[in-house]
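Understanding the architecture of this molecule
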Amino acid sequence: MTVMGTHAEDDDLELDEDISSVSKRSSIADQEQGLLGGGTALLLVVFSIGFVRNLSHNATDAVAKASGIQTNDYILDPDWDFDAPPRRREYSWTVRDQVHNPDGVYRPMMLVNNQFPGPFIEVNEGDTIVVHVDNQAVNATSLHWHGIYQIGTPHMDGTVGITQCPIAPGGKFTYEFTTLGQSGTYWWHAHQGVQSSDGMHGPLVIHGRSEKKSQTIAYDSDRILMVADHYHELSSALLWQYLKPDMENMEPIPDSALLNGRTIRNCEDLPQRHCDNSTTNVGYPTLDLASGQSHRLRIINVGAFAEFQVQIDEHELAVIEADGTAVSPINYHRININPGQRYSVIINTTVSGADAFWLRGRMVTRCFKGRSETLKADVYGVVRYNTASDQTPTSTDWEEKLELECRDMNTTELKPLNDVAAPAKADAFFHFRANFEIGDWRLSRGVFDSSSWRADARSPSLLRTIDGLAEANTSFAPTESSRDGTGAAFINDVAFHKPRELVLQTTGIQTIDILISNFDDGNHPMHLHGYKYFVLAQGHGYPPMKSVLDGITRENIQPLYDSLDLSNPLRRDTASVEGFGWILLRLVADNAGIWAFHCHLSWHTEAGLLMQLLTRSDELAKMGIPEANRALCAAEGVERGMGPKDEDYRDLGE
């Protein structure tokens, strides 16, 4: 029986014995509490997934056994061979449903190899990554390699409904791709629903061949620091609630914040939860950084919703990388980091008078539309100079005021080390309006120019496109008005149903400018798969124009273009357009594939705030799709775990 749009069937759930016993022994009183204040429909979603909202207090033994989860410090190999010849690096990953307590509160999770966060991939530029995935979870899944170009392998990008069908429960699939032309800090995460928030994520680092020689600040250690918001409910249950009628884009409020998958909550503050904060995985993460040295921290926001401000008391942070782009060092006291973004910083452990300092991660909560009594917005870690010390930090916070607005930190000072000028002019200009609109059944959905994306689990865009191009289907042919002699750039509303799939198509190598105007009050970190773009300008309100009465056209925003510095703008894959603001991006569209371009607030993506860039369609026509990819689409159960359809809310919205 499919329940309320989750597409997961109770009769077919085959959880491991421990987790099943926990679910069966949960108290009816806990179940009847519902989620977010109640609601029968939402409770049914939780039942359909095979878990319940709260684990009863008499299930401790089963939970403890089920929660044998490995935590990681994510310290990079100090003896790494940067000069090793390119090689295949293979990994075997098993996805399972688990119960875990990252902050003390037990909740159902979806994990890889019993690790939270997930396994770390460390490779050299030019290596081939091979990941064998065995999905033993009750829902289908997929893995996206965030920031990886996927040159020649767009079918390995892992985006459900765009580049692949999901891996069905019980199914297997192998991702294989080569890391060409890029290095730096990246990560992987599920791209099915909001499963990343359920534990399906981990770091990925590509070492450049000249990384050691080109260090602007030499460092003695290198490690990952993942910051994330954390929910005590399954994402599928929260998603059902978020997308239902009359919610008006009221995003779920997190309960906690995590550093490398850890923090600690006071269980007495959460009497309605099964909570045990005495287990070894719970507590303040500790970073042992030897005194008198320099240390690299690769900070990644792997969360679903919250922007964070990150700092280490009394230590300046020298930013040396943004989204895989090495930059000239600039010192900050705090950095703001949005979901999907990465910054590498260097800290010098030379502060005298103490051996321990607070590492603080603070959510920027002003843009949260609701309030939660259970929210703990700050997360702490401990930086220790002396590993033998158990001193509690008494360090001093920075005096300047905290950032209150949800938006990118000012990155205009960040200059890439490898000078690359943006092309002097663009071949085409596109302006998109981003906002949320109320549609059928009083549903609030994210839109680009009135187009709201919906994934098709069995018919991804890439497969349809390659098949259509192979058949010389004229619906993919550019119009005469879109040609410039070297190629074309146009909105393809013939091959694609624009109300559900907004696709910007190019042929040949085209330089395109994309201006996004955000008519929503919330921040949107815009992530582009398969590319880095040039961030030309960002701002609040309207961009500079000749006439405020004539609207936004390429000609009318010439004053903006007159002010641009194209000499060496920041190149990255995730940049934010603030609430009621705008952003101008320039992209050299030279990578054959069809690529998602979406808000990396996971709730907004699932609400439809996604469009696609079909680039180098002339080259894509020469590519094929491996049979293993096509076989995914024919498997039974690929719809399990998909977000609810709008039609599932019909009875609630009438």
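This text gives an overview of the structure that appears in the document.

Rules of the game
- Residues numbered from 1 in each chain as written.
- Predicted model: local features only at pLDDT ≥ 70, side-chain atom pairs only at ≥ 80, totals over all residues.
- Heavy atoms only, no water.
- Pairing = 2+ DSSP bridges.
- Helix = DSSP H or I, 4+ residues; strand = E, 2+ residues; numbered from the N terminus.
- Axes fitted to C-alpha atoms, helices over the stretch in contact; angles between N-to-C directions.
- Salt bridge = Lys/Arg side-chain N within 4 Å of Asp/Glu carboxyl O.
- Contact = heavy atoms within 4.5 Å.
- Disulfide = S-S within 2.5 Å.
- Buried < 20%, exposed > 50% of the residue type's maximum accessible area, 1.4 Å probe, protein only.
- Phe/Tyr/Trp six-rings, centres within 6.5 Å; stacked < 30°, edge-to-face > 60°.
- Lys NZ or Arg CZ within 6 Å of the ring centre and 35° of its normal.

The next point concerns the sheet that holds strand β10 (residues 256-259). Taken together, six strands build an open sheet; the order of strands is β10-β9-β12-β17-β14-β15 and the sheet is mixed. Edge positions in the sheet fall to β10 and β15 (325-332), since each of these pairs with one other strand and no more. On average, adjacent strands in this sheet sit at an angle of 25° to one another, irrespective of strand direction. Both strand β14 (residues 317-322) and β15 contribute to a ladder of five bridges, which runs antiparallel. Residue pairing for β15: Ala322 is matched across the bridge by Thr325.

Below, the discussion takes up the pairing of strand β20 (residues 428-438). Bridge count between β20 and strand β24 (residues 510-518): seven bridges; the pairing is parallel. For Ala434, the partnering residue across the bridge sits in β24 and is Asn518. Two strands pair when backbone bridges link them, and β20 and strand β21 (residues 444-448) are joined in this way by five bridges, in the antiparallel orientation. By the bridge assignment, Asn435 is partnered in β21 with Val447. Where β20 folds back onto β21 in an antiparallel hairpin, the turn is made up of five residues, including Trp441, whose phi is positive at roughly 55°.

The subject of this paragraph is the pattern of salt bridges. For the coordinates displayed, the defined rule picks out 30 salt bridges. Arg298 is paired through a salt bridge with Glu211; the nearest N and O atoms lie 3.5 Å apart. Within this pair, whereas Arg298 is found in strand β12 (residues 294-301), its partner Glu211 is found in the loop between β8 (201-207) and β9 (221-230), the two being separated by 87 residues in sequence. Here Arg442 makes a salt bridge to Asp246, at a shortest N to O gap of 2.8 Å. A residue pair is termed long-range when its members are at least 10 positions apart, and Arg442 in the loop between β20 and β21 and Asp246 in the loop between α5 (235-243) and β10 qualify at 196 residues.

Turning our eyes to something else, we now look at the environment of Val535. Structurally, Val535 is set in strand β26 (residues 533-540). Between the C-alpha atom of Val535 and that of Thr411, which follows or precedes it by 124 residues, the distance is 9.5 Å. Look past the residues within four positions of Val535 in its chain and what remains in contact with it is Pro569, Leu570, Arg572, Ala575, Ile583, Leu584 and Leu585.

On to the state of the cysteines. On inspection of all chains with the given rule, the structure shows three disulfides. One disulfide in the model links Cys165 with Cys633; its S-S distance is 2.0 Å. Disulfide Cys165-Cys633: the torsion about the S-S bond is 95°, which places it as right-handed. One end of the pair, Cys165, is in the loop between β5 (143-146) and β6 (172-178); the other, Cys633, is in helix α10 (residues 627-634), with 468 residues separating them in the sequence. The exposure classification of Cys165 matches that of Cys633, with both residues buried. The disulfide partner of Cys267 is Cys275, and the gap between their sulfur atoms is 2.1 Å. As the torsion about the S-S bond is roughly -65°, the Cys267-Cys275 disulfide counts as left-handed.

Moving on, we get to the pairing of β9. With nine of ten residues buried, β9 lies mostly within the body of the structure. Bridge count between β9 and β12: seven bridges; the pairing is parallel. Its bridge partner being in β12, Ile224 is matched across the sheet by Arg298. Note: β9 against β10, four bridges, orientation antiparallel. Looking at the pairing, His230 lines up with Ser256 of β10.

This part takes up the sheet that holds strand β4 (residues 128-135). With mixed pairing, the four strands of this open sheet are ordered in space as β2-β1-β4-β6. Edge positions in the sheet fall to β2 (107-112) and β6, since each of these pairs with one other strand and no more. Ignoring strand direction, the axes of neighbouring strands in this sheet form an average angle of 20°. Pairing of strand β1 (residues 88-100) with β4, which is carried by eight bridges, proceeds in the parallel orientation. In the sheet register, Trp93 faces β4, and the bridge partner there is Val133.

Applying the stated criterion across every chain, the model contains 18 aromatic pairs. Judged by centre distance (5.5 Å) and plane angle (80°), the ring pair of Tyr284 and Trp358 falls under edge-to-face. A residue pair is termed long-range when its members are at least 10 positions apart, and Tyr284 in the loop between β10 and β11 (286-288) and Trp358 in strand β18 (residues 356-363) qualify at 74 residues. Put simply, the rings of Trp93, Trp145, Phe173, Tyr175, Phe177 and Trp188 touch in pairs and so form one group of aromatic residues. In this structure, Arg433 packs its charged tip against the face of Phe519, placed 3.8 Å from the ring centre. If you follow Arg554 out to its NZ or CZ, it ends over the ring of Tyr561, 3.5 Å from the centre.

This part is about unusual backbone geometry. In this structure, the amide linkage connecting Phe116 to the following residue, Pro117, adopts the cis form with an omega of -15°. Structurally, Pro117 can be placed in the loop between β2 and β3 (121-124). Despite not being glycine, Asp449 has its phi angle at roughly 50°, a positive value. Of note, Asp449 is situated in the loop between β21 and α6 (461-470). The backbone phi angle of Arg616 is positive, close to 50°, even though this residue is not glycine.

By themselves these figures say nothing about function.
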